[in-house]
Amino acid sequence: MAETRRLFFALELPKEVQQQIIHWRATQFPEDTGRPVAAENLHLTLAFLGDISADKQKALSQLAGRIRQKGFTLAIDDAGQWLRSNVVWIGPRHAPLGLIQLANMLRSQAARNGCYQSPQPFHPHITLYRNTPRAVTIPPPNFRWQFKVDEFALYESVFRQGRTRYQELQRWTLSN
Ligand code: 3AM
């Protein structure tokens, strides 16, 4: 069988926002909340592709490179927990249209190329904890981290020595 890689498109967070999130998380949640996502792994997933071949990666990268849209401003000002997937997340209360457009485009390109896409609508979020064993009290979202998004990237999820690391493979600029 041809070799595959586990890939997804996502937005990287500015380093200073990443640090602020880590600090907020450390002050707001008890230690047994779940498995914290490592600072360098914090990201906002746009489209999950699954385990795909090099050929499919190339096709989807070419399509991603043809996306023409302007950047947008993203404000992270909400938090919650999904009990079904056992994650605690933060995200935008109101997703900017540019974010929805970008994710929908990448998701539909993925679907047309045989990458299964969940029928659920896109819920932009940054996962803070995985494997949360129980419902946790979500602190009031007393933050608003706002930044300009003018790039998106393709990442590989690499599981090695018991740790998951997201490695950037390719990056594109958002511009008309
Ligand atoms: O960190 P988040 O939740 O944004 O949940 C996985 C993670 O996103 C998601 O892809 C990102 C990188 O691993 N993911 C993993 N398996 C998935 C699947 N089968 C999935 N998303 C949808 N379907």
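Residues numbered from 1 in each chain as written. Predicted model: local features only at pLDDT ≥ 70, side-chain atom pairs only at ≥ 80, totals over all residues. Heavy atoms only, no water.

Chemist: Could you give an account of the nonpolar core, naming the residues involved and the relevant values?
Modeler: One finds F9, L11, L46, I90 and F152 to be the most contacted residues of the largest nonpolar core, which totals 43 residues. Sequence-distant contacts of I90, defined by excluding residues within four places in its chain, comprise I21, W24, I76, D78, A79, H125, I126, L128, F143 and W145. If you look at the next biggest cluster of nonpolar residues, it comprises 5 residues, including F8, A153, Y155 and Y166. (Core = buried A, V, L, I, M, F, W, Y, C linked by side-chain atoms within 4.5 Å. Buried < 20%, exposed > 50% of the residue type's maximum accessible area, 1.4 Å probe, protein only. Contact = heavy atoms within 4.5 Å.)

Chemist: Give me the environment of R163: which residues, what numbers.
Modeler: Position of R163 relative to the elements: it lies in strand β10 (residues 163-173). Between the alpha carbons of R163 and H43 there is a distance of 16 Å; along the sequence they are 120 residues apart. With near-sequence residues (within four places) excluded, R163 lies in contact with E40 and V158. (Helix = DSSP H or I, 4+ residues; strand = E, 2+ residues; numbered from the N terminus.)

Chemist: Account for the pattern of salt bridges, naming residues and giving values.
Modeler: Applying the stated rule across the entire model yields 9 salt bridges. Of the charged contacts, one joins R171 and E12 as a salt bridge, the two residues approaching to 2.8 Å between their closest N and O atoms. Residue R171 is found in strand β10, and its partner E12 is found in strand β1 (residues 4-12); the two are separated by 159 residues along the sequence. Residue R171 is classed as partly exposed on the basis of its relative accessible area, which comes to 33%. A relative accessible area of 37% places E12 in the partly exposed class. Here R163 and E40 are joined by a salt bridge, their closest N and O atoms 3.6 Å apart. With R163 in strand β10 and E40 in the loop between β2 (35-36) and β3 (43-53), this residue pair connects regions lying 123 residues apart in the sequence. With a relative accessible area of 53%, R163 lands in the exposed category. Taken together, the salt bridges that share partners define one network made up of E12, K15, E151, E168 and R171. (Salt bridge = Lys/Arg side-chain N within 4 Å of Asp/Glu carboxyl O.)

Chemist: How would you explain the site of the ligand if you had to name every residue and give the values?
Modeler: In the vicinity of the ligand, the contacting residues are R6, F8, H43, T45, F48, H125, T127, R130 and Y166. Within the side chain of R6, an N or O atom sits 3.4 Å from a nitrogen atom of the ligand. The contact in question runs from an oxygen atom of the ligand to an N or O atom on the side chain of H43, over 3.3 Å. When the ligand is considered free in solution it has 480 Å² of accessible area, and contact with the protein chains removes 65% of it. Looking at the shell around the ligand, the elements that each hand over two or more residues are β1, β3 and β7 (126-130). Residue composition of the shell around the ligand, by class: 3 nonpolar, 4 polar and 2 charged. (Near = heavy atom within 4 Å. Polar contact = N/O pair within 3.5 Å; in protein donor to acceptor, adjacent residues only side chain to side chain. Areas by Shrake-Rupley, 256 points an atom, 1.4 Å probe, with all protein chains shown as cover. Nonpolar A, V, L, I, M, F, W, Y, C, P; charged D, E, K, R; others polar.)

Everything listed here is a matter of coordinates, which is why it stays silent on function.
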